[in-house]
Amino acid sequence: MGLFTKDIKTMNDLFVHQLQDIYYAEHQLIKALPQMAEKATDQQLKQGFLTHLDETKTHVTRLEQVFKMHGIAPKAVDCPAIDGIIEEADEVAGEVDDKAVLDAALINAAQAAEHYEITRYGSLVAWSKQLGRTDAAAVLQKTLDEEKATDQKLTKLAETTVNLRAAS
């Protein structure tokens, strides 16, 4: 289903589609994060990826709660955006020989994924409220807050350690 196909006729249809989209994205990130942790040489970065892996599993559980609140079975739809972000991260990581620079590239890739997720969860929270589903909005807001916190942690790590090491 494309974003602007006849299958999306209402705000509710759009909400469900984006819920399915982010459900797919979270599952893809569960596969990608261990690989990113394995490639990372900075121990804080490695641990950050593993911590976020656990959070991401919780995000999937929350999405399943929202599907249930909405009265539909959890289902994923392909998300070319997250696939592209992950593919690009793999390509860039494969081209970097300097391990300090690789860590900087991994942070960049992780932040691309975080920003995608922040966008999706932000919309889902707003749409939940518009649809009168404050219960779903509250669940989705928890994940949005965690995604923003992860982005801030990545920025701090990049600015205080990783980028400095990569540039020297």
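**A short note on helix α2 (residues 43-69)**
Part 1 of the argument: Taking 1.5 Å per residue as the helical rise, α2 with its 27 residues ought to reach 39 Å, and the 39 Å between its terminal C-alpha atoms agrees with that figure.
Part 2 of the argument: Sitting at the head of α2, Asp42 places a side-chain oxygen 3.0 Å from the backbone nitrogen of Gln44.
Part 3 of the argument: Immediately beyond the C-terminal end of α2, within one or two residues, lies Gly71, with a positive phi of roughly 80°.

**Some words on the nonpolar core**
Part 1 of the argument: Counting 31 residues, the largest nonpolar core has Phe15, Leu19, Ile82 and Leu140 as the members making the most contacts within it.
Part 2 of the argument: Going through the elements one at a time, α1 (11-39), α2, α3 (80-95), α4 (99-130) and α5 (134-167) are the ones with two or more residues in this core.
Part 3 of the argument: Of all the elements, α1 adds the most residues to this core, at 10 residues.
Part 4 of the argument: With sequence-adjacent residues up to four places away left out, Phe15 is seen in contact with Val66, His70, Leu124, Trp127, Ser128, Leu131 and Leu140.
Part 5 of the argument: In this structure, Leu33, Met36, Val96 and Leu154 belong to the second largest nonpolar core, which totals 22 residues.

**Description of the packing of aromatic side chains**
The description of two aromatic rings rests on the distance between their centres and on the angle between their planes.
Part 1 of the argument: By the definition in use, this model includes one aromatic pair.
Part 2 of the argument: For the ring pair Tyr23 and Phe67, a centre distance of 5.3 Å and an interplane angle of 75° mean the geometry is edge-to-face. Residue Tyr23 is found in helix α1, and its partner Phe67 is found in helix α2; the two are separated by 44 residues along the sequence. Assigned by exposure class, Tyr23 and Phe67 land together as buried.

**Digging into the confidence of the model for the protein chain**
Part 1 of the argument: Taken as a whole, the protein chain shows an average pLDDT of 93; of its residues, 96% reach a score of 70 or greater.
Part 2 of the argument: Between the elements of the protein chain, mean pLDDT differs from a low of 89, seen in α3, to a high of 97, seen in α2.

**With respect to the packing of α1 against α4**
How two helices pack is summed up by the angle between their axes together with the distance between the axes.
Part 1 of the argument: Contact geometry for α1 and α4: axes closest at 10 Å, N-to-C directions at 160°. When the axes of α1 and α4 are compared, the pair comes out roughly antiparallel. Relative to α4, α1 is oriented so that their crossing is left-handed.
Part 2 of the argument: Of the residues belonging to the contact of α1 with α4, the class tally is 17 nonpolar, two polar and six charged.

**Regarding the environment of Leu131**
Part 1 of the argument: Relative to the helices and strands, Leu131 resides in the loop between α4 and α5.
Part 2 of the argument: Overall, the relative accessible area of 29% leaves Leu131 in the partly exposed class.
Part 3 of the argument: Taking the C-alpha atoms as reference points, Leu131 and Phe15, 116 residues apart in sequence, are found 9.0 Å from one another.
Part 4 of the argument: If we ignore the near neighbours within four places in the chain, the residues touching Leu131 are Met11, Asn12 and Phe15.

**A short note on the pattern of salt bridges**
Part 1 of the argument: Taken as a whole, this structure holds five salt bridges when the rule is applied.
Part 2 of the argument: In this structure, Lys39 and Asp90 form a salt bridge, with 3.6 Å as the shortest nitrogen-oxygen distance. In this pair, Lys39 sits in helix α1 while Asp90 sits in helix α3, placing the two residues 51 residues apart along the sequence.
Part 3 of the argument: Overall, Asp90 belongs to the partly exposed group, its relative accessible area being 38%.
Part 4 of the argument: Of the charged contacts, one joins Arg133 and Asp135 as a salt bridge, the two residues approaching to 3.0 Å between their closest N and O atoms.

**A look at a negative patch on the surface**
Part 1 of the argument: A contiguous patch of negative charge on the surface is contributed by Glu87, Glu88, Glu91 and Glu95.
Part 2 of the argument: Relative to the elements of secondary structure, Glu95 occurs in helix α3.
Part 3 of the argument: What makes Glu95 exposed here is its relative accessible area of 63%.

Rules and cut-offs
- Residues numbered from 1 in each chain as written.
- Predicted model: local features only at pLDDT ≥ 70, side-chain atom pairs only at ≥ 80, totals over all residues.
- Heavy atoms only, no water.
- Helix = DSSP H or I, 4+ residues; strand = E, 2+ residues; numbered from the N terminus.
- Expected span 1.5 Å × (residues − 1).
- Polar contact = N/O pair within 3.5 Å; in protein donor to acceptor, adjacent residues only side chain to side chain.
- Core = buried A, V, L, I, M, F, W, Y, C linked by side-chain atoms within 4.5 Å.
- Buried < 20%, exposed > 50% of the residue type's maximum accessible area, 1.4 Å probe, protein only.
- Contact = heavy atoms within 4.5 Å.
- Phe/Tyr/Trp six-rings, centres within 6.5 Å; stacked < 30°, edge-to-face > 60°.
- pLDDT = per-residue confidence, 0-100.
- Axes fitted to C-alpha atoms, helices over the stretch in contact; angles between N-to-C directions.
- Parallel < 35°, antiparallel > 145°, perpendicular 65-115°, else oblique.
- Left-handed = near helix turned anticlockwise from the far one by under 90°.
- Nonpolar A, V, L, I, M, F, W, Y, C, P; charged D, E, K, R; others polar.
- Salt bridge = Lys/Arg side-chain N within 4 Å of Asp/Glu carboxyl O.
- Patch = residues over 30% accessible without salt bridge, like charges linked within 9 Å, V, L, I, M, F, W, Y side chains within 5 Å.
- Areas by Shrake-Rupley, 256 points an atom, 1.4 Å probe, with all protein chains shown as cover.
- Lys, Arg positive; Asp, Glu negative; His and termini not counted.
- Charge placed at Lys NZ, Arg CZ, Asp CG, Glu CD.

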